[in-house]
Amino acid sequence: MPVRHLYLARHGEPGDDGGLTERGLQQAALLGRRLAGVPLRSVRHGPLPRAEQTARRLVQELAPDVPVSVLGAAGDYVPHVPAPDDLDSLEPEHRAALQDSLADVSPAEATEGAALAAEALRLLTGPEDGSDEGHHLVVTHAFTIGWLVAHACAAPPWRWWGLNHGHAALTVLRYAPDRPPSLVVFNDMTHLPDALRWTGFPEHLRL
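The rules we used
- Residues numbered from 1 in each chain as written.
- Predicted model: local features only at pLDDT ≥ 70, side-chain atom pairs only at ≥ 80, totals over all residues.
- Heavy atoms only, no water.
- Helix = DSSP H or I, 4+ residues; strand = E, 2+ residues; numbered from the N terminus.
- Buried < 20%, exposed > 50% of the residue type's maximum accessible area, 1.4 Å probe, protein only.
- Pairing = 2+ DSSP bridges.
- Arc of directions from axis to C-beta.
- 1 Å grid on protein atoms, 1.4 Å probe; cavity = no way out; pocket = protein on both sides within 12 Å on 5 of 7 lines; lining within 4 Å.
- Points joined across faces, edges and corners; volume = space filled by probe spheres on them.
- Nonpolar A, V, L, I, M, F, W, Y, C, P; charged D, E, K, R; others polar.
- Core = buried A, V, L, I, M, F, W, Y, C linked by side-chain atoms within 4.5 Å.
- Expected span 1.5 Å × (residues − 1).
- Contact = heavy atoms within 4.5 Å.
- Axes fitted to C-alpha atoms, helices over the stretch in contact; angles between N-to-C directions.
- Parallel < 35°, antiparallel > 145°, perpendicular 65-115°, else oblique.
- Left-handed = near helix turned anticlockwise from the far one by under 90°.
- Polar contact = N/O pair within 3.5 Å; in protein donor to acceptor, adjacent residues only side chain to side chain.
- Salt bridge = Lys/Arg side-chain N within 4 Å of Asp/Glu carboxyl O.

A separate point is unusual backbone geometry. In this model, Ala154 sits at a positive phi of 55°, which is unusual for a non-glycine residue. Looking at where Ala154 falls in the secondary structure, it is placed in the loop between α5 (142-152) and β5 (170-175). At Ala168, a position not held by glycine, the phi torsion is positive, near 60°. One can find Ala168 in the loop between α5 and β5. Among the residues examined, Ala168 registers a relative accessible area of 0% and is labelled buried.

Of the strand pairs in this sheet, β5 and strand β6 (residues 182-188) are connected by 4 bridges, and their pairing is antiparallel. In the strand pairing of β6, Arg174 is matched with Ser182. Here β5 folds back onto β6 in antiparallel fashion, the turn holding 6 residues.

For the rest of this paragraph, the subject is helix α2 (residues 49-58). Buried within α2 are the following residues: Arg50, Ala51, Thr54, Ala55, Arg57 and Leu58. Along the long axis of α2, the arc covered by the buried residues comes to 165°, so they all point the same way.

Turning next to the layout of surface pockets. In this approach, a probe sized like a water molecule rolls over the atoms, and the result shows the empty space that is left. Taken as a whole, the largest pocket spans an internal volume of roughly 180 Å³. Along the wall of the largest pocket there are 15 residues; nearest its centre are Phe143, Trp160, Trp161, Gly162 and Asn164. By residue class, the composition of the lining of the largest pocket is 9 nonpolar, 5 polar and 1 charged.

Let us now look at the nonpolar core. Counting 26 residues, the largest nonpolar core has Leu6, Leu8, Leu124, Leu148 and Leu173 as its most contacted members. Val59, Val139, Leu170 and Val172 belong to the second largest nonpolar core, which has 16 residues in total.

Below, the discussion takes up helix α4 (residues 107-124). With 18 residues, α4 should reach 26 Å at 1.5 Å per residue; the first-to-last C-alpha distance of 26 Å fits that figure. Looking at the buried residues of α4, the elements they touch are β1 (4-10), β2 (42-45), β4 (134-140), α5 and β5. The positive-phi residue at the C-terminal boundary of α4 is Gly126, with phi of around 90°.

On to the sheet that holds β4, then. Spatially, 6 strands are ordered β3-β2-β4-β1-β5-β6 in an open sheet, and the strand pairing comes out mixed. Sheet topology places β3 (68-70) and β6 at the edges, where each strand pairs with a single neighbour. Taken over all neighbouring pairs, the strand axes of this sheet differ in orientation by 20° on average, direction set aside. Here α5 sits on the sheet in contact with β1, β4, β5 and β6, set at roughly 35° to β5.

On to the packing of helix α1 (residues 22-34) against α2, then. Where α1 contacts α2, the axes come no closer than 8 Å and their chain directions differ by 45°. By the angle class used here, α1 and α2 are oblique. The way α1 lies across α2 gives a crossing that is right-handed. In this structure, α1 contributes Leu25, Ala28, Ala29, Leu31, Gly32 and Arg33 to the contact, and α2 contributes Thr54, Arg57 and Leu58. Looking at side-chain class alone, the contact of α1 with α2 contains 5 nonpolar, 2 polar and 2 charged residues.

When you line up the elements, Thr171 lands in strand β5. Looking at Thr171, the relative accessible area reads 0%, which means it is buried. Ignoring anything within four residues of it in the chain, the contact list for Thr171 reads Leu6, Tyr7, Leu8, Ile145, Val149, His165, Leu183, Val185, Phe186 and Asn187. Within the structure, Thr171 has its side chain in polar contact with the side chain of His165 (distance 2.7 Å).

Once that is clear, we can look at the pattern of salt bridges. Enumeration over the complete set of coordinates arrives at 9 salt bridges. Across the salt bridge formed by Arg57 and Glu61, the nearest N and O atoms sit 3.0 Å from each other. Judged by its relative accessible area of 24%, Glu61 falls in the partly exposed class. For Arg179, the salt bridge goes to Asp178, with nearest N and O atoms at 3.6 Å. Among the ionic contacts, a cluster of salt bridges with common partners joins Arg4, Arg41 and Glu128.

And the structure:
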């Protein structure tokens, strides 16, 4: 089985209407230029307007025959709500912060998020099907990227929490048949000028 390269990008900066701001469109275009030399086999995006608009703008910078499609598992959801016993290894203040941040997630939302998270792993991870290496881009949201990164690193399921991602930043995972998944790039913003970097990222964590 050949290698799969999974490129994960958060959508560009959103506006109040749910679509992209002008800055978000600029971020998407620059991300597309960054990926123009990658032999992408597919581009998939979440169903929300900010993800779809990011994908539609960036593919204008790619080869014209790259297929684009919507993927529900690339949507905006909470992928995992841990049980209290799963957090025993955390410091009490960290455990309380995580639980407080997820306190408003309803049981129905938790169930739906867990199902979508499992589907994302099934559809997006692991070595490539077929005989050739594959390169695939998914335009999604911060929680989904954190979930896939945590899984690739064999971290506890709750560890998607706290893996932040900037708008139009790039993360790359590599799945080979003969070794564990590799985190090649995380939250890379080198394709963005200073004025367009770090949007969507917690301000106290910005460099």
